[in-house]
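In case you want the letters, here they are:
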Amino acid sequence: MPPVAGGCLRLPGVAAGCRWGEGGALVLQFFMPCGRFSGISLCPAGNSPVSHDALQASGFVTPLCCKSITFAQTADEMKSALYLYNTLTRKKELFEPLAPPFVGMYVCGPTVYSEAHLGHARPAVTFDVLYRYLMHLGYNVRYVRNITDVGHLENETDDTGEDKISRRARQEHLEPMEIVQKYMNSFHHAMEKLNTLPPSIEPRATGHIIEQQQLTEKLIGEGYAYEVNGSVYFDVEKYDGRHNYGILSGRVLEDMRANSRALEGQDEKRGQFDFALWKKAAPGHIMRWPSKWSDGFPGWHLECSVMSTKYLGETFDIHGGGMDLIFPHHECEIAQSTAAQGHQPVRYWVHNNMVTINGQKMARSLGNFITLEEMFSGSHKLLARAYSPMTIRFFMLQAQYRSTLDFSNEALLAASLGLQKLMNAEKTLAGLIPGGSSTADISGIAAKCHEAMSDDLNTPIAIAHLFDAVRIINLVNDGKEKLSAEDIRSLQELFRIFIHDLFGLRAEESAGNDRLEGVLKLLLDIRQEAKAKKEWAVSDRIRDRLSELGITVKDRKDGYDWEITA
Ligand SMILES: [Zn+2]
């Protein structure tokens, strides 16, 4: 490992960063692949070259999860600016954390009352990539994603209907907490398959009932909430008089009033748009907690204000979620926190767009509601075949997170082939023979990839640049171009960072694949022998039949290559 002055450490499969600290010391930050540990350490001060051996000799580098350590980025690259689209200001803004190198990020997690579906996958993958990229840039990120296990009513805009979890518990004849456990496990299982890193903290609403009651009390005390018949509501009119209800969604209360009519069953509320902070439980309601107002349960919006403040502070850097949460959920979160604290809670609001299926919104009533397990097994009637978790992940990365994403069999098949091509190129790259000096120009590819990511996580552009590298790798493999050993190493590093560290893609070997590859190799070896004996009918037949099966065989001077092309 050559000593590199001012270099940055990169750990395989993890994000790590460095920056120059006080007195010229190199500050190193480690994030383990297990996602459980992160640390900041100092190596000997000064800008002198830092070698791998010297670091190990100092007892500094002993990560259990890491097999090797390499120098890759320069300190300047680490400082590359990240621009994020802020829903609050409606423009792309330079991301500047409140207290670097720390970043606090809160993302609204699932309400766990049914199987994880495609709609869950998009925010999970989007914010996983943001989490990974922030760590890659050297930030120490605390990523909080909640689990909603109470208070999410069926009609979420007007606080009516049954609690989604209670309802499911009744239908399945299970305890509400059995429902929560069952579907939380299913969500985690699907997230693991999609290779999303676990958040730093995953708080649950039922674990924060006392804090939610405290905030409700505070809001009553500040005059922004009122009690009626054991329920407590947030006074939107009053809030809007002093602040701006609609600051995030762009809605104007007056227009909302003009365009809607009062709904039945809302007599308790002073204003039509007031929302529940605490709801008195009806006699048969199972999920209930004692409070000074009534035996009841918290309103849905309250948990996120409470848990984000508890774990990230009164003001924190990033709040994420799907665009469908902008109103009323996030608008209400802002109102609650601003009313209680006197200032806004979040600096950057980041929202991912929705998923459609064959151009339609996904809904149970439309019969196009596809769970992730159905995707992975191909068991839904709209699916022509199974799509692997990495195909789904890669497909999502092929769109910028703020654009809509339409699922169709054609698009997923194309994503599957694209991913295969990328992964094949990485394998090919590992076996390339260096050719003295390079004839192909790879300079600039890495910078362009970073640039795309820094431009509001433009993953499709970064992927397009990776495919420039794929093209060069295949040309080199075909003997049409040459790459130096150094350039091969750079491309390997680029692929490792982008494909694995940032995009979170991993090779998928389904059970039995090794055996099938063995059979394929046997068949192709027989073909080689036939060719050597000039038995062209046999060799052509094998090639043609494989081609019909979507496996393309390419002859080379010293053997053959094959790839799955359809
Ligand atoms: Zn939320």
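Each value, and the rule that gives it
- Residues numbered from 1 in each chain as written.
- Predicted model: local features only at pLDDT ≥ 70, side-chain atom pairs only at ≥ 80, totals over all residues.
- Helix = DSSP H or I, 4+ residues; strand = E, 2+ residues; numbered from the N terminus.
- Buried ≥ 20, exposed ≤ 12 C-beta atoms within 10 Å, placed from the backbone.
- Contact = placed C-beta atoms within 7 Å.
- Axes fitted to C-alpha atoms, helices over the stretch in contact; angles between N-to-C directions.
- Parallel < 35°, antiparallel > 145°, perpendicular 65-115°, else oblique.
- Left-handed = near helix turned anticlockwise from the far one by under 90°.
- Nonpolar A, V, L, I, M, F, W, Y, C, P; charged D, E, K, R; others polar.
- pLDDT = per-residue confidence, 0-100.

## Quick notes on the overall build of the protein chain
Right, on to step 1. Helix and strand content of the protein chain: 18 helices and 22 strands.
Right, on to step 2. Scored against the burial criterion, the 566 residues of the protein chain give a buried share of 40%.
Right, on to step 3. If you take every contact in the protein chain between residues at least 6 apart in sequence, the share linking residues at least 24 apart comes to 70%.

## Looking at the packing of helix H13 (residues 409-431) against helix H15 (residues 459-477)
The description of two packed helices rests on the angle between their axes and on the distance between the axes.
Right, on to step 1. Between H13 and H15, the shortest axis-to-axis distance is 9 Å and the interhelical angle comes to 50°. As summarised for this structure, H13 and H15 are arranged oblique, according to the angle between their axes. Two packed elements cross with a definite hand, and for H13 against H15 that hand is left-handed. Of H15, the residues touching H13 (which contributes Lys 421, Leu 422, Ala 425, Thr 428 and Leu 429) are Leu 466, Val 470, Ile 473, Asn 474 and Asn 477.
Right, on to step 2. Class assignment for the residues of the contact of H13 with H15 results in six nonpolar, three polar and one charged.

## Points about unusual backbone geometry
Peptide bonds are mostly trans, and most non-glycine residues show a negative phi.
Right, on to step 1. Note that the residue after Pro 100, namely Pro 101, is joined by a cis bond; omega there is 5°.
Right, on to step 2. With respect to the helices, strands and loops of the structure, Pro 101 is situated in the loop between strand E7 (91-94) and strand E8 (102-107).
Right, on to step 3. Phi is positive for Asn 358, close to 50°, though the residue is something other than glycine.
Right, on to step 4. Here Asn 358 lies in the loop between strand E18 (355-357) and strand E19 (360-361).

## Notes on the confidence of the model for the protein chain
Right, on to step 1. With 83% of its residues at a pLDDT of at least 70, the protein chain reaches an overall mean of 85.
Right, on to step 2. Every residue in residues 1-52 is under pLDDT 50, and counting partners more than four places away or in other chains gives 114 contacts.
Right, on to step 3. The low-confidence segment residues 58-79 (pLDDT under 50) makes 46 contacts with residues lying over four places distant or belonging to another chain.

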